[in-house]
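Summary of the model geometry
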Number of protein chains: 2
Amino acid sequence: MTVRQLSLPELAHTCARLGIPGAGLWREPVRAYGVRAAAGLMRDLGLTVTSLCRGGFLTAADPAGRNRALDDNRAALDEAAALGTDTLVLVSGGLPPGSRDLAGARERVVDALAELVPYARAAGVRLAVEPLHPMFAADRCVVSTLAQALDIAERFPPERVGIVVDTYHVWWDEQASAQVARAGAAGRIHAFQLADWTTPLPRGVLNGRGQLGDGCVDLRHWRRTLDTAGYRGPIEVELFNEELWSRDGAEVLAETAARFSEHVAGP
Amino acid sequence: MTVRQLSLPELAHTCARLGIPGAGLWREPVRAYGVRAAAGLMRDLGLTVTSLCRGGFLTAADPAGRNRALDDNRAALDEAAALGTDTLVLVSGGLPPGSRDLAGARERVVDALAELVPYARAAGVRLAVEPLHPMFAADRCVVSTLAQALDIAERFPPERVGIVVDTYHVWWDEQASAQVARAGAAGRIHAFQLADWTTPLPRGVLNGRGQLGDGCVDLRHWRRTLDTAGYRGPIEVELFNEELWSRDGAEVLAETAARFSEHVAGP
């Protein structure tokens, strides 16, 4: 999504050329290209599919909406398995229209996960619950902190349900480091994503994720925190940013790799 | 600030006419009108000055910036005392330009409070630390949760340093209710402010505070939570909202009072 202006083959070939060993993919372009074709494209270039984004949106209160969401997540699990990734990122969903019941919505996420876990087990895919920044609590994700995500994940086996650490969503939280340690000790860090925090936030706040190094997040500190917690998986850079999307995608990807070296990698 | 289109006399007379028993005032209009004149205006109409907004911005790392901030807060304490309010609301300030050190900025807030507390005691004014929503952590307020604000406040006597509960900033936080109880038991709830949460957030996110009832915050639940915690002080409605500012101020104030009755007051 960082370079959504690139087609899937352009993304894969540019990654391969730049020495980027894998990419997290999104469902829409994968389905448009064909799931098996996408899997073959990545495999032929020696690239890992680090995760599939995204399932979730499990907060519907009405049975029909809930069943649609469960079906969609089962489809996402099938897609993840076909792509050869072990991780499906879940964004929980926001409050149903007109609702003011955050606690109820959070509980429905747990109930839905309980239904999805057997399917995930059969597919060999992990459900990675991503807390989103509290500014998304109303309309996108009622799971707002790593502590909440872990409280949810811990009701299920660690090889099946874990969490996503995304610096953009948790950088402000002084409890986050301790929660990363808690997640690492339990083997529940299923994905690690980077974006920087820049201001002013744009209208709607979704597409304000900053290029690495442009903002106020100490990204290397976060990478070290994940290291210390025992995380050895891939590190994804996930930027939703209108300005980056308006530029040449290969150039943005090269810039992002350079920023990663400058602000994330190394001691 | 909810009706900043009204002059101070217009605000005061409209409050009196509507039976609104007091108002939280902001420093800039008070100073423009004259602090003593403002105090007399409110007193003559039988209105309480519920709080003064705002001091704070205590995160500067350079000595000159820090001293300017301390001087400004001492002036704000003098103004609060002259207005006859016992509460100065503090917004801590964000990260200094170029800084990525949240923990350091938070520690400087504590250091600055330690310098201000004797002055506040002499002025007979309480310092009320307001946690702002985490979306403001970078550029406005490094204190993001009630737990953090209380951790800071508890280093000082409760009659001198407490916290502000603002529904807009804390509604998403599942720890907030417990923290309100903690604050209430310690006599540290120094102010209670209301706004609703509406989406989409506007660019810059500052002026998106929703009119009571327009959003997803269960305001009556929050008022009851404060009741249960023993809070008996004033309830302020603080809306920064371009649409409300563009309308007739007296009409907005009447609407706000009606919304308060509908969504906040009563069992």
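Residues numbered from 1 in each chain as written. Chains lettered and ligands numbered in written order. Predicted model: local features only at pLDDT ≥ 70, side-chain atom pairs only at ≥ 80, totals over all residues. Heavy atoms only, no water.

The name an unreviewed UniProt entry gives chain A is Sugar phosphate isomerase/epimerase, with Streptomyces tsukubensis as the organism.

Topic: helix 4 (residues 63-83) of chain A
Filter applied, for reference: In this text, helices come from DSSP runs of H or I with a minimum length of four residues, and strands from runs of E with a minimum of two, each type numbered from the N-terminal end. The span expected for a helix works out to 1.5 Å for each residue beyond the first.
With 21 residues, helix 4 of chain A should cover 30 Å at 1.5 Å per step; its first-to-last C-alpha distance of 30 Å lies within 8% of that length. Remark: Gly84(A) follows helix 4 of chain A within two positions and exhibits a positive phi of approximately 80 degrees.

Details of the relation of the copies chain B and chain A
The operation linking the two copies of the chain is a rotation about an axis combined with a translation along the axis. Selection criterion: Copy-to-copy alignment: least squares on C-alpha atoms, limited to residues at pLDDT 70 or above in both. Here, residues are in contact when the closest pair of their heavy atoms is within 4.5 Å.
Least-squares fitting of chain B to chain A yields an RMSD of 0.0 Å, with the transformation described by 0.0 Å of translation along the axis and a rotation of 180 degrees. One copy is carried onto the other by what is essentially a two-fold rotation axis. In terms of C-alpha distance to the rotation axis, chain B has Arg203(B) as its closest residue, with the C-alpha 1.9 Å off the axis. Of the residues that chain B buries at the interface, 100% are likewise interface residues in chain A, meaning the two copies contact each other through the same surface.

So, the interface of chain B and chain A
Definition in use: Each salt bridge in this description consists of a side-chain nitrogen of Lys or Arg and a carboxyl oxygen of Asp or Glu lying within 4 Å of one another. Side-chain atoms alone can form a polar contact between residues adjacent in sequence; in general such a contact is a pair of N or O atoms within 3.5 Å, and within protein one must be able to donate a hydrogen while the other accepts it. Lys, Arg, Asp and Glu make up the charged group, whereas Ala, Val, Leu, Ile, Met, Phe, Trp, Tyr, Cys and Pro make up the nonpolar group; the residues left over, Gly among them, are polar.
Counting residues at the interface gives 33 residues for chain B, matched by 33 residues for chain A. Our count for the contact surface shared by chain B and chain A stands at 0 salt bridges. In this assembly, chain B and chain A are joined by 15 residue pairs in polar contact (both at pLDDT 80 or more). For the side of chain B that touches chain A, the secondary structure elements donating two or more residues are helix 5 (102-123) and helix 6 (146-153) of chain B. In the side of chain B that touches chain A, the residues fall into 15 nonpolar, 11 polar and 7 charged.

Brief notes about the pattern of salt bridges
Residue and element names in this part refer to chain B. Under the convention used in this document: Throughout this description, buried means an accessible area under 20% of the type-specific maximum (1.4 Å probe, protein chains only), exposed means over 50%, and partly exposed covers the range between.
Applying the stated criterion to the full structure yields 30 salt bridges over all chains. The shortest N-O distance in the salt bridge between Arg209 and Asp166 comes to 2.7 Å. With a gap of 43 residues between them, Arg209 in strand 8 (residues 209-210) and Asp166 in strand 5 (residues 161-166) connect regions that are remote in the sequence. Asp166 gets classed as buried once you look at its relative accessible area, which sits at 0%.

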